[in-house]
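In case you want the letters, here they are:
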Amino acid sequence: MQDAAESLIAKDKKNAWIRGIDVAIVILTVSVLMYTFIWNPFYLLKCIVGITALFCFYMYALKKSETPPNGPQAQVLSVQAASSSISKLAMLSEDGEKMKEWYIQGETALLIGKSSTDNEVEVDLADAEYASLISKQHAVLNYASGIWYLEDLDSRNGVGIKRKGASTKQVLENEAPYKIDSGDMIYIANTRLLVQ
């Protein structure tokens, strides 16, 4: 379990470096283009830089449009496997016992919160131990292309995800979709929902 957490930390650091390098490349490219086309008086240099930029853009577009090596049939199978891997949510007690379950297979969107006379939710946490910390419309689960996504609906006390095998939870940004997988733990304020 500790190896998985260390692996996730190393991966996050690597991704941060890659994003930093990408930003540096964009800044350098914009600077070169501005110098070449605004301040540079040499027509030949403008032509060479323009042709090189078009070639790079073409190669980038070509690379983005390629199908993965496994082909489209493998993509369909992986989407079907992903969609069948999550079938329910289980609310857990402090001891880790299942208190309540919601079967979600076949659904496309599930509102998580507290039901009342003027507010209907699919995953009702009104009887949870920490119900006072849960907003009426706290979060939403959306199903798209075989994948479930979780979003915080600008709740008062936040939403978190603890990935399967991770030691810490990640706090979600408001209205930003986060992919969830089987085995992940969703935190609606302090209420835990196990994705199964």
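None of these values were measured; they are calculated from a predicted model.

## Details of the UniProt feature "transmembrane region" (unreviewed entry) in the chain
Here is step 1: Within this structure's numbering, the places UniProt gives as "transmembrane region" (unreviewed entry) are residues 16–37 and 43–62.
Here is step 2: Secondary structure content for residues 16–37 is 100% helix and 0% strand, and the end C-alpha separation is 32 Å.
Here is step 3: Between the end C-alpha atoms of residues 43–62 there is a gap of 29 Å, over a span that is 100% helix and 0% strand.

## Quick word on the sheet that holds strand E1 (residues 88–92)
Here is step 1: Across the sheet, which stays open at both edges, the six strands sit in the order E2-E1-E11-E10-E7-E8 with antiparallel pairing between neighbours. Two strands bound the open sheet, and with one partner strand each, they are strand E2 (98–103) and strand E8 (170–171).

## Some thoughts on the side chain of Lys-88
Here is step 1: Mapping Lys-88 onto the fold places it in strand E1.
Here is step 2: A distance of 3.1 Å separates the side chain of Lys-88 from the side chain of Glu-101, its partner in a polar contact.
Here is step 3: Beyond its immediate chain neighbours, meaning those up to four positions away, Lys-88 contacts Lys-98, Glu-101, Trp-102, Tyr-103, Ile-104, Leu-194, Val-195 and Gln-196.

## Digging into the pairing of E2
Here is step 1: The pairing of E1 with E2 spans five bridges and is classified as antiparallel. The partner of Ala-90 across the bridge, within E2, is Glu-101.
Here is step 2: The turn joining E1 and E2, which pair antiparallel and follow one another in sequence, is formed by five residues; a positive phi near 90 degrees is taken by Gly-96.

## Some words on a nonpolar patch on the surface
Here is step 1: Together, Val-26, Val-30, Leu-33, Met-34, Tyr-35, Phe-37, Ile-38, Trp-39, Phe-42 and Leu-45 make up a nonpolar patch on the protein surface, roughly 990 Å² of accessible area in all.
Here is step 2: Looking at the nonpolar patch element by element, the count peaks at eight residues for helix H1 (residues 2–39).
Here is step 3: You can see Val-26 is positioned in helix H1.

## Describing the sheet that holds strand E3 (residues 109–113)
Here is step 1: Sheet architecture is open: five strands sit in the order E4-E3-E5-E6-E9, paired in mixed fashion. Edge positions in the open sheet fall to strand E4 (123–124) and strand E9 (178–180), since each of these has one partner strand only.
Here is step 2: Strand direction decides the pairing type here: strand E6 (residues 147–152) and E9, joined by three bridges, are antiparallel. The residue bridging Trp-148 from the neighbouring strand is Ile-180, located in E9.

## What about the packing of aromatic side chains?
How two aromatic rings sit relative to each other is given by the distance of their centres and the angle of their planes.
Here is step 1: In this structure the tally under the stated criterion is one aromatic pair.
Here is step 2: On the basis of an interplanar angle of 50 degrees and a centroid distance of 5.1 Å, the ring pair of Tyr-143 and Trp-148 is categorised as tilted.
Here is step 3: Judged by relative accessible area, which is 2%, Trp-148 ranks as buried.

## What to know about the pattern of salt bridges
Here is step 1: Applying the stated criterion to the full structure yields six salt bridges.
Here is step 2: Between Lys-100 and Asp-127 there is a salt bridge whose closest N-O contact spans 3.4 Å. Taken together, the positions of Lys-100 in strand E2 and Asp-127 in the loop between E4 and strand E5 (137–144) put the pair 27 residues apart, joining distant regions of the chain.
Here is step 3: Its relative accessible area of 26% is what places Lys-100 among the partly exposed residues.
Here is step 4: Asp-181 serves as the salt-bridge partner of Lys-179, at 2.9 Å between the closest nitrogen and oxygen.
Here is step 5: Judged by relative accessible area, which is 37%, Lys-179 ranks as partly exposed.

## Points about the side chain of His-138
Here is step 1: Among the structural elements, His-138 can be located in strand E5.
Here is step 2: Under the relative-accessibility criterion, His-138 is labelled buried at 0%.
Here is step 3: A polar atom in the side chain of His-138 sits 2.8 Å from the backbone oxygen of Gly-158.
Here is step 4: For His-138, the contacting residues outside a window of four places in its chain are Ile-112, Gly-113, Leu-133, Asp-152, Leu-153, Ser-155, Asn-157, Gly-158, Val-159, Ile-188 and Ala-189.

## Points about unusual backbone geometry
Here is step 1: Positive phi values are uncommon outside glycine, yet Ser-145 reaches one of about 55 degrees.
Here is step 2: Relative to the helices and strands, Ser-145 is located in the loop between E5 and E6.
Here is step 3: Phi at Ala-189 takes a positive value of approximately 55 degrees, unusual for a residue other than glycine.
Here is step 4: Counting through the fold element by element, Ala-189 comes out in the loop between strand E10 (185–188) and strand E11 (191–195).
Here is step 5: Judged by its relative accessible area of 6%, Ala-189 is buried.

Conventions we followed
Residues numbered from 1 in each chain as written. Predicted model: local features only at pLDDT ≥ 70, side-chain atom pairs only at ≥ 80, totals over all residues. Heavy atoms only, no water. UniProt positions renumbered as here; feature names shortened; annotations may be inferred. Helix = DSSP H or I, 4+ residues; strand = E, 2+ residues; numbered from the N terminus. Pairing = 2+ DSSP bridges. Polar contact = N/O pair within 3.5 Å; in protein donor to acceptor, adjacent residues only side chain to side chain. Contact = heavy atoms within 4.5 Å. Patch = residues over 30% accessible without salt bridge, like charges linked within 9 Å, V, L, I, M, F, W, Y side chains within 5 Å. Areas by Shrake-Rupley, 256 points an atom, 1.4 Å probe, with all protein chains shown as cover. Salt bridge = Lys/Arg side-chain N within 4 Å of Asp/Glu carboxyl O. Phe/Tyr/Trp six-rings, centres within 6.5 Å; stacked < 30°, edge-to-face > 60°. Buried < 20%, exposed > 50% of the residue type's maximum accessible area, 1.4 Å probe, protein only.

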